[in-house]
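Observations on the model geometry
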Amino acid sequence: TPINITMKVFRLLALVAAVLPASVSGSVSEATIDSAGNVVTNDNSIDESIGKREELKTHVLNLSPYRSDVYWDDGEYGVLITTLDPEESSTMNTFLGHQFFVTRHGVKEGLFDDEERLVFKVGQRDQTFYIPKNAAPSTKLCQDRFSICKDYSKNGACKRSPGWMIVHCCESCDEELNASELIDPKKRCSKEQLNTPEPVWEAGDLNKLFVNWATNETMKDEFGLEVLSSPEPEKYDATWEKAADGAPWVVVFNNFLSDSEVADLIRGGEMEGFERSTDQGAINEVGEMEKVVSKTRTSSNAWCMHSCERLSGVRSATNKIEEVTGISHVNYESFQLLHYDKNQFYRSHHDSSRTDDTPAGHRILTFFLYLTDVEEGGETYFNKLGLAVKPKKGKALVWPSVRDDNPNLWDARMFHEAKDVIKGKKMAANHWIHLNDYHTPNDWGCTGSFS
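What you see is a predicted model, and the numbers here were worked out from it, not measured in a lab.

**Points about the packing of aromatic side chains**
Inspection of the entire model under this criterion finds 22 aromatic pairs. Here Phe-120 and Phe-129 contribute two aromatic rings whose centre-to-centre distance is 4.2 Å and whose plane-to-plane angle is 20 degrees, an arrangement assigned as stacked. An identical accessibility class is assigned to Phe-120 and Phe-129; each is buried. What links up through ring pairs into an aromatic cluster is the set Phe-210, Trp-213, Phe-223, Tyr-236, Trp-249, Phe-253, Phe-256 and Phe-367. One cation-aromatic arrangement involves Arg-117 over Phe-101; the distance from NZ or CZ to the ring centre is 4.6 Å. The ring centre of Phe-256 lies 5.5 Å from the NZ or CZ of Lys-320, which sits over that ring.

Here is the structure:
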């Protein structure tokens, strides 16, 4: 199914090597670039002497002001080939007839030239394509980004994954979802549109949960509950020697996970594929959040979804967290799976933000699971408390990110970091638990993530 927007090969032509093989038939025009950095001549010819199995080298130069992602068009939603900073170039191995498209980095927001999408098709040996200086996102928000959109729509994807489809396949879902209106995140993500339920915590509920854990003998016997820090350390037998009155709650469950649960969480990360961890960047007009390579975080991570979430040990771990917190999994983000090799770290950060008026609300709890022992280093260190927690396979570390007297406000004391791994490797997983339903806003594309 063709993409429902005008497609054109870069106005920047593919330059062919200065000396052409003798077998090339036909003439090849020179590319001309104007003073604005735009190519004004084009050559879309196909060299018919090239065999289908001949591997070709193709070059791409980014003249635009945008950090850009180049995707191979696989007939679905593209395979990321390379990322180019402004003025950066890259060489790709490809084949005759392969087609590529370009997006702004970290999102699938296509780049356009005069409202025509930038696409290039390989037709010559040793071509060079340019992303033009005036390339920019389209001013038309509602469009189909991929050729597969109509097929997805016919197969019910508009209802199954409304957020992803509204943003990526807006035209194909317009009749069914009124997508041209809901492409605006202010409309799509209103609490009225999402029918947001009441928050899971009110003032005082945070303290009630931790007090219940600290006074519950079953928690101690079954899971090895240990209070490290609390507002009343003597009353609740806090074991950290520097625990002080008025301090926040920090607890560990020393034997929370079974070996099979640990094994399935590690297996799930391998299934999903670990990638370099990123930070959250700017949000565009349709609500997509850019992924930015972190300078303060060198670990790799994966998100446990789909087949990973169906693993029995993963389901068991989530069910166990639901049981001890009394909070439904609909308030949870998918498991983040983490891998730290030697010398890798995550510098000081907070799991929530100072204010959060998004539909899902604050991350109120972090339930952090250690999947390996670490020979040396890798501690979770609470910077403002001076408290360090050593990784241990099967142990869970839990802390709140908000205040007991008002769960809509972050607790500024809860900055923490992952210390450098000095010897060995560290693997971990965590559920972030939100004040409100997380799954519904996530389904509708209201969390910045579109999966």
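**A word on the environment of Ala-243**
Residue placement: Ala-243 occurs in the loop between β11 (225-229) and β12 (250-253). Separated by 14 residues in the primary sequence, Ala-243 and Ser-229 place their C-alpha atoms 5.3 Å from one another. Residues within four places of Ala-243 in sequence aside, it is in contact with Leu-228, Pro-233 and Ala-238.

**Description of the nonpolar core**
Counting residues in hydrophobic clusters, the biggest one holds 65 residues, and the most contacted among them are Trp-213, Phe-253, Phe-256, Leu-265, Phe-335 and Phe-367. Broken down by element, the residue count for this core peaks at six residues, all from strand β19 (residues 363-370). Those residues in contact with Phe-256 that lie beyond four places of it in its chain are Phe-223, Glu-261, Lys-320, Ile-321, Val-324, Phe-367, Leu-369, Gly-394 and Ala-396. Membership of the second largest hydrophobic core comes to 25 residues, among which are Trp-164, Ile-166, Leu-177 and Trp-444.

**Looking at unusual backbone geometry**
In this model, Asp-237 sits at a positive phi of 55 degrees, which is unusual for a non-glycine residue. Relative to the elements of secondary structure, Asp-237 occurs in the loop between β11 and β12. The class for Asp-237 is exposed, based on a relative accessible area of 54%.

What counts, and where the lines are drawn
- What you see as residue numbers is a count from 1 along each chain, following the sequence as written.
- With the structure being a predicted model, the display of local features is reserved for residues of pLDDT at least 70 and the display and counting of side-chain atom pairs for 80 or more, all residues being used for whole-chain, interface and lining totals.
- With hydrogens and water excluded, all non-hydrogen atoms of the structure serve as input to the side-chain values.
- When the centres of two rings from Phe, Tyr and Trp lie within 6.5 Å, Trp using its six-membered ring, the rings pair. Their planes under 30 degrees apart give stacked, over 60 give edge-to-face, and anything left gives tilted.
- Using a 1.4 Å probe on the protein chains alone, a residue whose accessible area is under 20% of its type maximum counts as buried, one over 50% counts as exposed, and one in between counts as partly exposed.
- Working rule: Lys NZ or Arg CZ, within 6 Å of ring centre, within 35 degrees of ring normal, means a charge sits over the ring.
- Secondary structure elements follow DSSP: runs of H or I no shorter than four residues count as helices, runs of E no shorter than two count as strands, and numbering proceeds from the N terminus.
- Residues are treated as being in contact if the distance between any of their heavy atoms lies within 4.5 Å.
- Here, nonpolar core refers to any group of buried Ala, Val, Leu, Ile, Met, Phe, Trp, Tyr and Cys residues whose side-chain atoms link them within 4.5 Å.

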